Amino acid sequence: MTADPPAPATRSTEPAPDPWRILQRVGQVLTAAFILATILAFWTGADSIGFIIAALAILFLVLTLLVGPERRDWAVVVAIVVGVGTLLTALAFASGQSRPGIYLAGVLLTILVYAIFATGLNLQFGFTGLINFGHVAFFALGAYGVAVFARRRPACRDVPSTEFPGWLDWVCPGDAHLTWIVPDGWGGALALGLGIGVAFLAAGIFAALIGIPTLKLREDYLAIVTIGSAEIVRIILLNERWLAGGNPGDSLGGANGISQYPRPWFSAITGNEAWLALARDLTTNAYYIFNVLLAFTLLAIVIGVLTVLIKSPWGRVLKAVREDEEVAKALGKNVFRYKMQSLILGAFIAAIGGMAWAWYVSPVNPESFLPILTFYAWIILIIGGSGNIRGPIVGSAILWGIFETARLLPRALPAAASGIPFLDTLQKPAGQIFLIGVLLVLAMVFRPQGILGKREEMILAK
Amino acid sequence: MTNGFLPGSAFTALVAVAIVGLVATLAWARYRKVGWARDTWQVIIGVLVLLTVLYGALQWSVLTTNQPESGFDQLAWGGLLTGSILALSAIGLTLVYGILNLSNFSHGDILTLGAYLAFMFAILEGTAATVSGALIISAVAGVVLLADHFLFRKLASGERMTLGAAAIVLSAGAIGLLIDHPLDDIRFVMPGLTLPAVVLVTIAAYGGALLTARTRHAKSTVVRLLPLASGAGLALALALLANVNRLTPAYIVAVAIACAAAAAVVVHPWARVHIPYVLGGATAAITFLYANTILVAAFIAIAGTVAFVIVLDILLWKRLRARRASILSLLIISIGVALALRHAIQIRFGPQVNNLGRPVSQPLTLGTVTFVPTDVLIIGVAVGLIAAVHLFLKHTRVGKSMRALADNPDLAKVSGVDVDRIILYVWAIAGSLATVAGVLLAYWRPFKTTLGWELLLPTFAAVILGGIGSALGALAGAYAIGFAMDFSTVWIAPSYKQAVAFVILISVLLVRPQGILGGKID
């Protein structure tokens with residue numbers, strides 16, 4: 001028996017003074033100009049992505065000013081992201097990366113995508129108390145959805161087709177068979193839209209299928225079922241080649257996954273061959289600029305929508321469910337429904353992360369969605385602070401900061417680094433996952449609220 | 001029937017025999033009012049019903065379009081193997097789940113730890129092998145001591161225990177003898193230990209023990225161990241004499257002696273007191289005799305794994321229990337332990353596929369089942385251990401305390417159950433069963449570090465199907481899942497075996513989340 005947690009301090013609702021407003025406007029304009037300048041500089045071949053990091057940092061600063069009452073937390077986010085960015089920038093140059101800009105953009109993309117991915121888990125675990133050990137399944141469904149439909153869409157044709165199993169032909173009228181076509185012009189955009197829709201639908205249905213048998217039972221049943229579900233999705237993707245689509249002659253699907261699919265920008269819409277080639281080329285600066293901006297935009301949208309949702313009555317019920325299900329039930333709330341909505345919405349967010357990932361990496365194959373990815377999200381959440389909307393950003397920056405530092409440090413300081421213990425271990429995947437496991441245990445025992453969470457909200461002790 | 005595997009197959013005959021025996025035993029149990037028979041037979045009936053259903057499904061499949069590649073018997077044999085290993089894993093998991101209220105996601109990786117510890121010792125040579133030989137002798141002594149503590153001390157009161165012990169020893173011996181083990185597998189025959197010396201030491205030790213047994217030192221541990229050591233020596237001498245590598249008259253005599261001893265235990269009151277020591281010695285001896293490196297390594301692995309889980313409990317789980325940590329945080333911590341453990345193993349041993357040196361042997365054919373002799377070993381060890389755990393839970397003080405603790409923790413504490421001590425036993429049982437499962441699995445097929453992790457989902461499915469906390473339920477669930485996974489290959493690709501376990505898990509949660517035998521430890 002413990003005492004009730006202290007009531008949260010009442011937040012100041014006073015409007016910000018006028019000079020602040022002016023400063024905010026100036027900051028916004030400056031940021032926009034700064035980002036534009038960086039993009040232009042980069043586009044023309046000046047390989048200096050450091051500007052982008054600086055620009056994003058300033059953007060974060062502006063957000064800080066806009067958000068007002070939660071200024072302190074955003075300041076922590078900015079400090080950590082800028083700190084990690086500075087460290088990695090220094091290391092990238094010191095270790096003699098051939099294209100430090102591209103390298104840093106890659107790391108930044110990874111941080112952003114994993115922040116989106118972990119935000120889905122934050123909704124499920126941080127705000128609702130659902131233990132999801134199969135989060136990667138939703139990520140994989142999102143990635144496959146957009147990769148499969150990037151340039152093709154299914155259609156009914158009278159010619160026999162080997163691409164879909166025969167039993168799927170019932171969706172076509174008459175004797176027509178289901179096959180893939182490559183549409184022209186705006187049809188490509190339609191296909192992509194269809195892909196995004198299918199990805200959301202698949203993630204949502206899968207989440208519902210998991211939720212129906214487990215959400216009325218004790219917490220650990222969901223954990224047990226989800227831990228299997230991620231593996232099942234991977235096995236299905238590995239075995240059912242037709243799911244990955246493909247034209248005859250392609251070696252698509254199965255272990256090969258999908259490769260060489262265009263990104264969802266102009267290329268997919270116009271079908272212009274030159275643009276398509278650019279969109280497939282993983283080495284151009286344009287490719288990185290586009291993806292960083294896209295991932296950043298998606299993260300901003302997800303965080304923004306979630307902030308609104310969490311502050312709404314709906315979000316307060318979720319927190320109540322997390323704190324004490326019985327009380328929520330006694331107040332007449334349909335706990336099962338709220339949990340299910342949270343699970344599905346979290347799955348959608350993970351699917352968005354998967355889409356951003358698919359547009360960044362290539363190829364997408366079942367081996368890129370190993371169960372361990374789920375635990376990247378978990379450690380990001382626990383380090384950053386679950387139940388805090390900004391937690392995943394902090395956690396993601398720290399996690400990838402650690403991994404990339406371990407990778408670059410020996411090259412940057414060849415002599416000194418040899419004395420650092422475990423550094424070589426940390427460069428291997430096994431060592432990284434070992435670290436994740438140890439950190440999970442230590443964090444849950446000693447600081448379950450992470451960096452930004454509130455201890456009384458982190459339900460370690462009953 | 002066209003393809004001939006259905007009627008008159010060996011397995012069908014076995015099932016028929018089992019059903020007849022079952023009915024007879026049930027009648028006997030009802031007549032004699034023997035309580036334990038009911039639960040046990042319920043499980044067996046369940047498994048038989050499942051087999052019958054699968055048999056029918058397969059028949060139907062044959063009659064329609066599919067022609068399965070392997071017959072019912074072969075599939076059932078595979079299911080038996082899978083189920084046996086799953087059962088060993090599931091019993092440990094369900095005990096921890098029921099008593100500690102911890103759904104331990106690191107259980108699969110504890111299994112992996114056991115397999116890799118065994119692997120580490122199995123590949124040792126030279127001095128390292130000698131050192132591990134010394135270790136194994138102490139490990140065997142420890143195990144026999146435990147057996148003595150739990151089984152043989154109860155003799156004066158429990159004939160059933162004696163019977164059980166004798167049966168275990170005999171079946172272990174018989175299985176060991178039936179399996180083709182070349183003598184050069186015996187690595188730890190000490191050099192310079194000549195035959196006369198062995199015989200002399202044996203006689204001296206046994207005589208000494210018999211003499212001291214009549215003095216006031218009779219209850220000291222050393223004295224208890226002496227006959228065991230002498231039994232081991234005796235068996236070693238026999239082995240050297242016979243120079244066997246397969247079934248020989250000497251072994252038949254040894255088994256006959258053991259049978260006579262077991263019979264004597266039941267019949268004669270004097271024998272009831274003394275023979276168990278001989279039986280204990282025989283157990284040690286058989287272990288010793290068949291001390292091919294894997295068996296040796298398995299014992300060391302058990303000791304290592306149990307030490308690991310107990311240290312982990314003291315360092316981690318005990319503190320969290322004291323803090324009344326929530327289920328959510330326990331789940332996350334256990335998954336953290338799982339990740340750290342598995343990848344620590346991978347850092348040490350690498351991600352490649354390993355072999356535990358299973359001997360290459362000619363497949364045997366019995367009726368329509370084709371198998372290798374080591375399959376029998378796997379099933380035999382599993383069934384023997386499961387029987388031992390069942391007896392332990394039913395008839396020993398610690399076992400009863402465990403059941404009490406799972407049933408009603410507060411009442412158990414008030415009644416004077418030492419919770420911390422019982423929890424150590426729970427970890428010891430879970431750790432050793434998981435190790436045996438891991439070693440058997442690694443012995444069965446090539447393995448890598450994901451070995452236990454891949455078994456985790458079917459294990460959880462078995463535990464939930466059987467009802468959390470119920471050892472008998474876990475047993476039944478494990479065999480049901482094992483059969484279902486192997487039989488599914490008739491209709492769907494073998495890579496979907498995991499998915500089959502998953503679908504069963506989901507269906508159980510939808511239909512009967514408390515499991516078939518939910519709620520208590522049997």
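Scroll up for the structure.
Computed from a predicted model, the values in this text were never measured in an experiment. Counting restarts for each chain, with residues numbered from 1 along the sequence as it is written. Here every chain gets a letter starting at A, and every ligand a number starting at 1, in the order they are written. For a predicted model such as this one, the threshold for reporting local features is a pLDDT of at least 70, and the threshold for listing and counting side-chain atom pairs is 80 or more; totals across whole chains, interfaces and linings nevertheless cover every residue. Just so you know, side-chain values use all the structure's heavy atoms and leave hydrogens and water out.

Colleague: It is not clear to me how the nonpolar core should be interpreted in this structure. Could you clarify?
Modeller: For soluble globular proteins, nonpolar side chains are generally found buried alongside one another. To define a nonpolar core, start from buried Ala, Val, Leu, Ile, Met, Phe, Trp, Tyr and Cys residues and group those joined through side-chain atoms within 4.5 Å. Burial here depends on accessible area, computed with a 1.4 Å probe over protein chains only, as a share of the maximum for the residue type. Under 20% is buried, over 50% is exposed, and the range in between is partly exposed. Formed by 256 residues in total, the largest nonpolar core has its most connected members in Phe369(A), Trp378(A), Phe105(B) and Trp317(B). Helical segments are the DSSP runs of H or I of at least four residues, strand segments are the runs of E of at least two, and each set is numbered from the N terminus. With 19 residues, helix 4 (residues 100-127) of chain A is the single largest residue contributor to this core. Note on contacts: a residue pair is in contact if any heavy atoms of the two residues lie within 4.5 Å. Setting aside residues no more than four positions away along its own chain, Phe105(B) makes contact with Phe133(A), Ala223(A), Ile224(A), Ile227(A), Leu331(B), Ser334(B), Ile335(B), Ala338(B), Leu456(B) and Phe460(B).

Colleague: Help me out: how do you make sense of unusual backbone geometry in this one?
Modeller: Trans is the prevailing form of peptide bonds, just as negative phi is the prevailing case for residues other than glycine. Residues and elements named next belong to chain B. Its identity as a non-glycine residue notwithstanding, Asn101 has a phi of 55°, on the positive side. Tracing the chain through its elements places Asn101 in the loop between helix 3 (72-100) and helix 4 (107-122). The residue Arg324 is not glycine, and still its phi comes out positive at about 55°. Arg324 sits in the exposed class, given a relative accessible area of 63%.

Colleague: Any chance you could explain the side chain of Glu404(A) here in plain terms?
Modeller: Residues and elements named next belong to chain A. Position of Glu404 relative to the elements: it lies in helix 15 (residues 391-412). Overall, the relative accessible area of 11% leaves Glu404 in the buried class. Contact partners of Glu404, with chain neighbours within four places excluded, come to Leu88, Tyr103 and Val107.

Colleague: When you look at the packing of helix 4 of chain A against helix 13 (residues 335-360) of chain A in this model, what are you seeing that I'm missing?
Modeller: What describes two packed helices is the angle between their axes and the distance between those same axes. Residue and element names in this part refer to chain A. To obtain each axis, a line is fitted to C-alpha atoms, and for helices this fit is confined to the stretch in contact; angles are then taken between N-to-C directions over 0 to 180 degrees. Two numbers describe how helix 4 lies on helix 13: the axes approach to 6 Å, and their chain directions differ by 170°. Between helix 4 and helix 13, the angle is such that the two are roughly antiparallel. Here Gly106, Leu109, Thr110, Val113, Tyr114, Ile116, Phe117, Thr119, Gly120, Leu123 and Gln124 of helix 4 lie close against helix 13, whose contacting residues are Ser342, Leu343, Leu345, Gly346, Ala347, Ile349, Ala350, Ile352, Gly353, Ala356, Trp357 and Tyr360. Broken down by class, the residue content of the contact of helix 4 with helix 13 amounts to 15 nonpolar, eight polar and no charged. For classification, angles of less than 35 degrees are called roughly parallel, those exceeding 145 degrees roughly antiparallel, those between 65 and 115 degrees roughly perpendicular, and all remaining angles oblique. Classification used: nonpolar for Ala, Val, Leu, Ile, Met, Phe, Trp, Tyr, Cys and Pro, charged for Asp, Glu, Lys and Arg, polar for all others including Gly.

Colleague: Would you take a moment to explain the state of the cysteines for this structure?
Modeller: Working definition of a disulfide: a covalent bond connecting the sulfur atoms of two cysteines. All names here are of chain A. By convention in this document, the label disulfide applies to cysteine sulfur atom pairs within 2.5 Å. Summed over all chains, the structure comprises one disulfide over all chains. The disulfide partner of Cys156 is Cys172, and the S-S distance across this bridge is 2.0 Å. Here the S-S torsion is close to -85°, and the disulfide linking Cys156 with Cys172 is therefore left-handed. Of this pair, Cys156 sits in strand 1 (residues 153-157) while Cys172 sits in the loop between strand 1 and strand 2 (177-181), and the two are 16 residues apart along the sequence.

Colleague: Teacher, can you tell me more about the pattern of salt bridges here?
Modeller: Side chains that differ in charge, positive against negative, can pair when their charged atoms come close. Any carboxyl oxygen of Asp or Glu that lies within 4 Å of a side-chain nitrogen of Lys or Arg is treated as forming a salt bridge with it. According to the stated counting rule, one finds ten salt bridges over all chains in the structure shown. The shortest N-O distance in the salt bridge between Arg321(B) and Asp313(B) comes to 3.1 Å. Taking relative accessible area as the criterion, Arg321(B) reaches 27% and is therefore assigned partly exposed. Classification of Asp313(B) by relative accessible area gives buried; the value is 2%. Put simply, Glu325(A), Glu326(A), Lys329(A) and Lys339(A) are held in one network by salt bridges that share partners.

Colleague: Honestly, the interface of chain B and chain A in this entry has me stumped. Any pointers?
Modeller: Reports often express the size of an interface as the amount of accessible area lost when the parts come together. Listed as interface residues are 41 residues of chain B and, on the opposing side, 43 residues of chain A. Buried area is understood as the total, over both parts, of accessible area removed when two parts are fitted together, assessed with a 1.4 Å probe. Carbon and sulfur atoms supply 80% of the area buried between chain B and chain A, which totals about 3800 Å² over both sides. Its largest share of buried area at the contact with chain A, chain B owes to Leu328(B), Ile332(B) and Tyr496(B), together 17% of the area lost on that side. Across the chain B-chain A interface, the total number found is zero salt bridges. Polar contacts, as counted here, are pairs of nitrogen or oxygen atoms within 3.5 Å of one another; within protein the pair requires one atom able to donate a hydrogen and one able to accept it, and residues that are adjacent in sequence qualify only if both atoms are side-chain atoms. Between the two partners, chain B and chain A, sit five residue pairs in polar contact (both at pLDDT 80 or more). Those elements that place two or more of their residues in the side of chain B that touches chain A are helix 11 (293-322), helix 12 (327-349), helix 17 (451-466) and helix 19 (497-511) of chain B. Partitioned by chemical class, the residues of the side of chain B that touches chain A number 30 nonpolar, nine polar and two charged.

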